[in-house]
Amino acid sequence: MLIVANRLWSPRSIKLLVKPISCNLTTTGSPPQPPPDAAIADLVLKTDSQTLTRTLEKYPVQWTPDLVDRVLKILWNHGPKALQFFKSLDHHLTYAHASSSFDHAVDIAGRLRDYKTLWTLVARMRTRRLGPNPKTFAIITERYVAAGKPDRAIKIFFSMHEQGCVQDLNSFNTILDVLCKSKRVEMADNKLFRVFRGRFRADTVSYNIMANGWCLIKRTPKALEVLKEMAKRGLNPTMNTYNILLKGFFRAGQIKEAWEFFLQMKKRKCEIDVVTYTTVVHGFGVAGEVRKAQRVFDEMIGEGVLPSVATYNAFIQVLCKKDNVDNAISAFEEMLRKGYMPNSTTYNVLIRGLCHVGRMKKAMEFMERMKDHECEPNVQTYNVVIRYLRDAEEIEKSLNVFEKMRDVNCLPNLDTYNILISAMFVRKKSDDMLVAGKLLIEMVEREFLPRKFTFNRVLDGLFLTGNQDFAKEILILQSRCGRLPRRLQL
């Protein structure tokens, strides 16, 4: 609990500054008891770090690796608390962490760029003979690449054996994949693939990864060279190879070439699968050729290739973006009639489409329907709805959706905070500036680093609305975060 501008404040006090209104997200009757993982995650968030170990020791539950992994996933967007939970449970008298939980903790530490904690966890894994294993190193290299340290990731790959994990073809393919998916295919090609493909005996998977890397940066001629090189080395392309190239043509905007490649696949009697058809449906749709996308969708059914949920997701997205959201809803209902189970992606695509055309009430109805298909709204769902409510200047509703998000233990991420803080400047009211300041503080407590622009904007808003005392506290916070305040000009 913080003392802010001479008053007590907790995250829940945001509710006090807005008038509660209905936004079709309420439930009737007694609320159901949360599952154990959600209840534990909520307990961790509310418990002081100094007493967390003792609290978990007394908590009436049978600790298992699966339960711990689920709690860590729920706490994903609150990395510091997730690591506190992991470290506190490490002292439990009757429970010992499994390698899967260590991998989750390593991943969270890497995402926070807390490399000291990351390598401490790796050392602890070795001490307990739980690893590190190839999956651990895949996580580590991916986090270093995401942080803009690809050279360090390559060095880690070559030092795996020093940690008791020998490099093999699978780990070689993993580091190639990590680099290529981050659009560093040239680095992967020059520093790894061309130098070490002989040593690791690069296989079809290796070549597919490289082809996909070139396609991701829209250099399809280089991807075709990879295909030719495969043939020279006696490796047969797979359907995955062809699907990668087909998707590459569409991604590069080479619609004619993509269609000709698809026709060549049919002419050569390739066993065209649901992935191929989904790629073509999505590719034509993104290019604005909705009727062609519809014809290919109908053709696949005629050819006896059953659409997958991913196919419907692609088709619904096409209809939302390039056609009519009502047609997208019709496709969704058809999907249900045929016995398909929509997932969170299906709902998110449709909810975004409804929000985009201003049908917020209908979008919220679909949020409620998600539970009928065993998928809860996730942080992306909430962010979309909050963003469009902000754009519609429905500020109270956006805050109510944010509170609903808390109630179901869906933790906000950096985007959530940025959207809400920007929403507080729509009306330029004094109370809204207080909420913006409180969201900024909560952001920092959760180890999200606001941009200097965000700090300065909140500061200006507080000063201009007469909240000078609170503004001074934000100035102190800004200095602690290394976002040094500039001279204020009021």
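Above this note sits the structure.
Right, let's talk about the overall build of the chain for a bit. If you tally the helices and strands in the chain, you get 26 helices and two strands. The globule rule puts the C-alpha radius of gyration for 490 residues at 23 Å, and the 26 Å found for the chain is close to it. For the chain, the spread of C-alpha atoms along the three principal axes comes to 75 × 60 × 55 Å. Put simply, the chain has 490 residues, and 49% of those count as buried. Considering only residue pairs separated by 6 or more positions, the chain has 65% of its internal contacts joining residues 24 or more positions apart.

This paragraph deals with helix α10 (residues 185-196). Within α10, burial applies to Val185, Ala188, Asp189, Leu192, Phe193 and Phe196. The buried residues of α10 all sit within an arc of 140° when viewed along its axis, so they share a single face. For α10, exposure combined with an orientation more than 90 degrees from the buried face picks out Asn190 and Val195. In this structure, the buried side of α10 is in contact with α8 (150-158), α9 (169-181), α11 (204-216) and α12 (220-232).

Moving on: the packing of α11 against helix α13 (residues 239-251). Two numbers describe how α11 lies on α13: the axes approach to 9 Å, and their chain directions differ by 5°. Between α11 and α13, the angle is such that the two are roughly parallel. Counting all contacts with α11, which are made through Thr204, Asn208, Ala211, Asn212, Cys215 and Leu216, the residues of α13 involved are Asn240, Thr241, Ile244, Leu245, Gly248 and Arg251. Among the residues making up the contact of α11 with α13, the classes are represented as five nonpolar, six polar and one charged.

Take the side chain of Asn348 next. Mapped onto the secondary structure, Asn348 falls in helix α19 (residues 344-356). At a separation of 3.3 Å, a polar atom in the side chain of Asn348 contacts the side chain of Asn378. Not counting residues up to four positions away in its chain, the partners in contact with Asn348 are Met370, Asn378, Gln380 and Thr381.

Take the pattern of salt bridges next. What the rule picks out here adds up to 27 salt bridges. Across the salt bridge formed by Glu334 and Lys338, the nearest N and O atoms sit 3.5 Å from each other. Between Arg427 and Glu396 there is a salt bridge, with the nearest N and O atoms lying 2.7 Å from each other. Of this pair, Arg427 sits in the loop between α23 (414-423) and α24 (430-445) while Glu396 sits in helix α22 (residues 395-407), and the two are 31 residues apart along the sequence. One continuous salt-bridge network, built from bridges that share partners, spans Glu403, Arg406, Glu442 and Arg446.

On to the packing of α24 against helix α26 (residues 468-480). At a closest axis distance of 11 Å, the pairing of α24 and α26 adopts a crossing angle of 25°. As summarised for this structure, α24 and α26 are arranged roughly parallel, according to the angle between their axes. For the crossing formed where α24 meets α26, the hand is left-handed. Judged by residue contacts, Leu434, Gly437, Lys438, Leu440, Ile441 and Val444 of α24 engage Phe470, Ile474 and Leu477 from α26.

A contiguous patch of positive charge on the surface is contributed by Lys183, Lys218, Lys247 and Arg251. Note on Lys183: relative accessible area 54%, which makes it exposed.

Another point: helix α3 (residues 65-74). Burial in α3 covers these residues: Leu67, Val68, Asp69, Val71 and Leu72. Buried residues belonging to α3 abut α1 (36-46), α4 (79-89) and α5 (99-111).

Among the structural elements, Arg143 can be located in helix α7 (residues 134-146). When sequence neighbours within four positions are dropped, the list of residues in contact with Arg143 reads Trp76, Asp107, Gly110 and Arg111.

What follows concerns the packing of aromatic side chains. For the structure shown, the criterion picks out 23 aromatic pairs. Its end group placed over the ring of Trp76, Arg111 keeps NZ or CZ at 4.6 Å from the ring centre. It is Arg457 that lies over the ring of Phe425; its NZ or CZ is 4.3 Å from the centre.

Procedures and definitions
Residues numbered from 1 in each chain as written. Predicted model: local features only at pLDDT ≥ 70, side-chain atom pairs only at ≥ 80, totals over all residues. Heavy atoms only, no water. Helix = DSSP H or I, 4+ residues; strand = E, 2+ residues; numbered from the N terminus. Rg over C-alpha atoms; globule rule 2.2 N^0.38 Å. Buried < 20%, exposed > 50% of the residue type's maximum accessible area, 1.4 Å probe, protein only. Contact = heavy atoms within 4.5 Å. Arc of directions from axis to C-beta. Axes fitted to C-alpha atoms, helices over the stretch in contact; angles between N-to-C directions. Parallel < 35°, antiparallel > 145°, perpendicular 65-115°, else oblique. Nonpolar A, V, L, I, M, F, W, Y, C, P; charged D, E, K, R; others polar. Polar contact = N/O pair within 3.5 Å; in protein donor to acceptor, adjacent residues only side chain to side chain. Salt bridge = Lys/Arg side-chain N within 4 Å of Asp/Glu carboxyl O. Left-handed = near helix turned anticlockwise from the far one by under 90°. Patch = residues over 30% accessible without salt bridge, like charges linked within 9 Å, V, L, I, M, F, W, Y side chains within 5 Å. Areas by Shrake-Rupley, 256 points an atom, 1.4 Å probe, with all protein chains shown as cover. Lys, Arg positive; Asp, Glu negative; His and termini not counted. Charge placed at Lys NZ, Arg CZ, Asp CG, Glu CD. Phe/Tyr/Trp six-rings, centres within 6.5 Å; stacked < 30°, edge-to-face > 60°. Lys NZ or Arg CZ within 6 Å of the ring centre and 35° of its normal.

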